[in-house]
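What follows is each chain in one-letter form.
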Amino acid sequence: MRIRFPESFHWGAATAAYQIEGAWRDDGKGESIWDHFTHQPGKVKNGDTGDVACDSYHRVSEDIALLSAMNLTSYRFSISWPRIFASGDARLGAKPNPKGLDYYSRLVDELLSVGIRPFPTLYHWDLPQNLEYRGGWTHRDTAGRFVDYASAMMHALEDRVDNWTIFNEPGVFTALGYLIGTHAPGHRDVDAFLRAVHTVNLAQADAFRAMRAESSAAKIGSAFSMSPCEPYRDTDADVAAAERWHGMANLLFLEPALNGRYPDAFLHAPPYERMGIERDDMPRLAVPLDFLGINLYTRTLVTYNENDPLGLGIHANPVGMMGGDTGSKTDLGWEVWPDAIYDMIMRITRDYDTPIIEITENGCAYNDAPDSRGVIGDFRRIDYHRSYLEALGRAIEDGADIRGYHAWSLLDNFEWSEGFSQRFGLAWVDFPTAHRTLKESGRWYARVADENGFDT
């Protein structure tokens, strides 16, 4: 059976600035919260940092050569806010850092020269540390600082960049950064999390309007981390719990943008008034995003838990919970469940009147190393992408409007709190030398992109 994709479908790969660029103090770049966080003992596995990472700041042409070798037509990368404004603040009369602007301008120009769509994300978690000292995303004023930065980037690149992502996974960076504390800036405070959620929703909407004012033609969206929430048992209590978690996990930054409201499930979470909502805020949240980015890796099983304040038992990686009815797992322990991408896409397609969707991330951590010939036979990664793409093809056949797929990730890179211990790349990176080698999965993906499909 042949799986085919629309003629205009974009085949791409994704990265993030802190995870690949390195050059953490070069050419006027300021300190980010991840620079600060990783330099504190015990925060990241093995004491790893992104100070050098994949050295992409100095090897951007090598990365574009990899994209071109894989026949890709879209590259989702992120822009480092502190590389553009070292302090994060443009309202003190600061001008964008010309060397930072030049780096991203050259990246865009090189991509266009080989026929690859530049697809930048404005915020992939590297808040300027100077703004964190003032409260970070818990401080409403950070939304205004972000809008200034977004406007500056749109002004600098809108003549060559047609597609923009505002935020990457706001649900993840607010929860892990302000509630759970395992990611930068490392806070564990319910009220800080609630305030950060609202500030980020304000920033998302205000940035969209500011960017639209700069360009009426640009396509502007955000990338949301999503996972279909399934009841563990066929009981009314588990079904209701799964629906509550869907609202909180998948819609917390989507409902405000598309409908100017917070999900019903969130209104019954820790007190609404602790979010810092002001009188005219709610209408301000609503903006007509041009596309929805979906980052998806696996499913979530949900049980009713009478001991939890919200009645929730969350099983994000449910390998082994249901006997033979479970997927295999990646080297990071995440369940491989291809139907997750179909189920999530179709739920969003039904509930939001068939929006334009970009798969902005999908991938897997497998740590296969080069063999004696230097070949990286990561065949489990090929199986993963093949199975998820087959499910994606079914979603397109069933009416979902999917415009592109971006494998996470182009390169093995700094994987946040996991450091360099987990490899998601289509290309192997030897971190001591930063040498890149295309894996067998990258060669397979190149054929899929070239043929716009594959045989099952």
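Notes on the structure in this doc start here. Just so you know, these numbers come straight off a predicted model, no measurement behind them. (Residues numbered from 1 in each chain as written. Predicted model: local features only at pLDDT ≥ 70, side-chain atom pairs only at ≥ 80, totals over all residues. Heavy atoms only, no water.)

### A closer look at the overall build of the protein
Using the following cut-off: Numbering goes from the N terminus for both helices and strands, where a helix is a DSSP run of H or I of at least four residues and a strand is a run of E of at least two. Each radius of gyration is computed over the set of C-alpha atoms, and the globule rule expresses the reference value as 2.2 Å times the number of residues to the power 0.38. Per-residue accessibility, obtained with a 1.4 Å probe over protein chains only, is compared with the maximum for each type, and a residue is labelled buried under 20%, exposed over 50%, and partly exposed between these values. Pairs of residues are marked as contacts when any of their non-hydrogen atoms sit within 4.5 Å. A 1.4 Å probe and the Shrake-Rupley method give the accessible areas. Residues count as covered only by the protein chains that appear here. A residue counts as positive if it is Lys or Arg and as negative if it is Asp or Glu; His and the chain ends are not included. One atom stands in for each charge, and that atom is NZ of Lys, CZ of Arg, CG of Asp or CD of Glu.
Broken down by element type, the protein carries 16 helices and 15 strands. Against the compact-globule benchmark of 23 Å for 456 residues, the protein has a radius of gyration of 21 Å, which places it among compact chains. In terms of overall dimensions, the protein has a C-alpha envelope of 60 × 60 × 45 Å along the principal axes. Per-residue burial over the protein gives 59% buried out of 456 residues. Taking all contacts inside the protein whose residues are at least 6 apart in sequence as the whole, residues at least 24 apart take part in 76%. Taken as a whole, the protein presents about 17200 Å² of accessible surface, with 49% of it coming from carbon and sulfur. Here the protein carries 44 positive and 66 negative side-chain charges, and the mean point of each set is 2 Å from the other.

### Examining unusual backbone geometry
Ala184 connects to Pro185 through a cis peptide bond whose omega is 5°. Its location among the elements puts Pro185 in the loop between α8 (170–180) and α9 (190–214). In the Ramachandran plot, Asp27 falls in the positive-phi region, its phi being about 55° despite a non-glycine side chain. Here Asp27 shows up in the loop between α1 (17–20) and α2 (33–38). A positive phi angle is found at Trp125, which is not glycine, with a value near 90°. By the element assignment, Trp125 lies in the loop between β4 (117–123) and α6 (129–133).

### Describing the pairing of strand β6 (residues 219–225)
Heads up, the condition is: In this description, strands pair whenever DSSP reports at least two bridges between them.
Burial of β6 is extensive: five of the seven residues sit out of reach of the surface. Note: strand β5 (residues 163–168) against β6, four bridges, orientation parallel. Paired with Trp164 across the two strands is Ile220, which belongs to β6. Examined bridge by bridge, β6 and strand β8 (residues 291–295) share five bridges and lie parallel to one another. Note that in β8 the partner of Phe224 across the bridge is Ile294.

### Details of the packing of aromatic side chains
Spelled out, the test is: Stacked, edge-to-face and tilted are the three classes for Phe, Tyr and Trp ring pairs, Trp counted by its six-membered ring, which pair at centre distances within 6.5 Å; planes under 30 degrees apart are stacked, over 60 edge-to-face, the rest tilted. Distance and angle both matter: a charge sits over a ring if NZ of Lys or CZ of Arg is within 6 Å of the ring centre and within 35 degrees of the ring normal.
Across all of its chains, the model carries 39 aromatic pairs by this definition. Plain terms: the ring middles of Tyr123 and Trp137 are 5.4 Å apart, the flat faces sit at 80° to each other, and that makes the pair edge-to-face. Residue Tyr123 is located in strand β4, and its partner Trp137 is located in the loop between α6 and α7 (141–157); the two are separated by 14 residues in the primary sequence. In this pair, the class of Tyr123 matches that of Trp137, namely buried. Seen from their ring centres, Phe414 and Trp416 are 6.5 Å apart, and the 80° between their planes marks the pair as edge-to-face. Phe414 sits in the buried class, given a relative accessible area of 0%. The rings of Tyr18, Trp34, Phe37, Trp125, Phe414, Trp416, Phe420 and Phe431 are connected pair by pair, giving a single aromatic cluster. The side chain of Arg299 reaches across the aromatic face of Trp337, ending 3.5 Å from its centre. Across the ring face of Trp428, the terminal group of Arg423 is positioned such that the distance to the ring centre comes to 3.5 Å.

### Regarding the sheet that holds strand β12 (residues 401–408)
Rules: Axis lines are fitted to C-alpha atoms, over the contacting stretch for helices. Their N-to-C directions set the angle, which ranges from 0 to 180 degrees.
Ordered by their spatial adjacency, eight strands build a closed barrel running β2-β3-β4-β5-β6-β8-β11-β12, and the pairing between neighbours is parallel. Adjacent strand axes in the sheet meet at a mean angle of 25° when their direction is disregarded. Against the sheet, helix α14 (residues 339–351) touches β8, β11 (356–363) and β12, its axis set at about 155° to β11. Set on the sheet, helix α16 (residues 440–451) makes contact with β2 (10–14) and β12; between it and β2 the angle comes to about 150°.

### Some details on the nonpolar core
Threshold: As used in this record, nonpolar core signifies buried Ala, Val, Leu, Ile, Met, Phe, Trp, Tyr and Cys residues forming a set joined through side-chain atoms within 4.5 Å.
Grouped together as the largest cluster of nonpolar side chains are 143 residues, with contacts concentrated most on Trp137, Phe146 and Ile345. The element best represented in this core is α9, accounting for 13 residues.

### Some thoughts on α9
Using the following cut-off: By this rule the span expected of a helix is its residue count minus one, scaled by 1.5 Å. Think of a polar contact as two N or O atoms within 3.5 Å of one another; within protein, one of them needs to be a possible hydrogen donor and the other a possible acceptor, and neighboring residues in sequence only count if both atoms come from side chains.
Its 25 residues place the ends of α9 36 Å apart at the C-alpha level, agreeing with the 36 Å of an ideal helix rising 1.5 Å per residue. Where burial is concerned, most of α9 is hidden: 18 out of the 25 residues are buried. Its side-chain oxygen at 2.9 Å from the backbone nitrogen of Asp191, Asp189 defines the N-terminal cap of α9.

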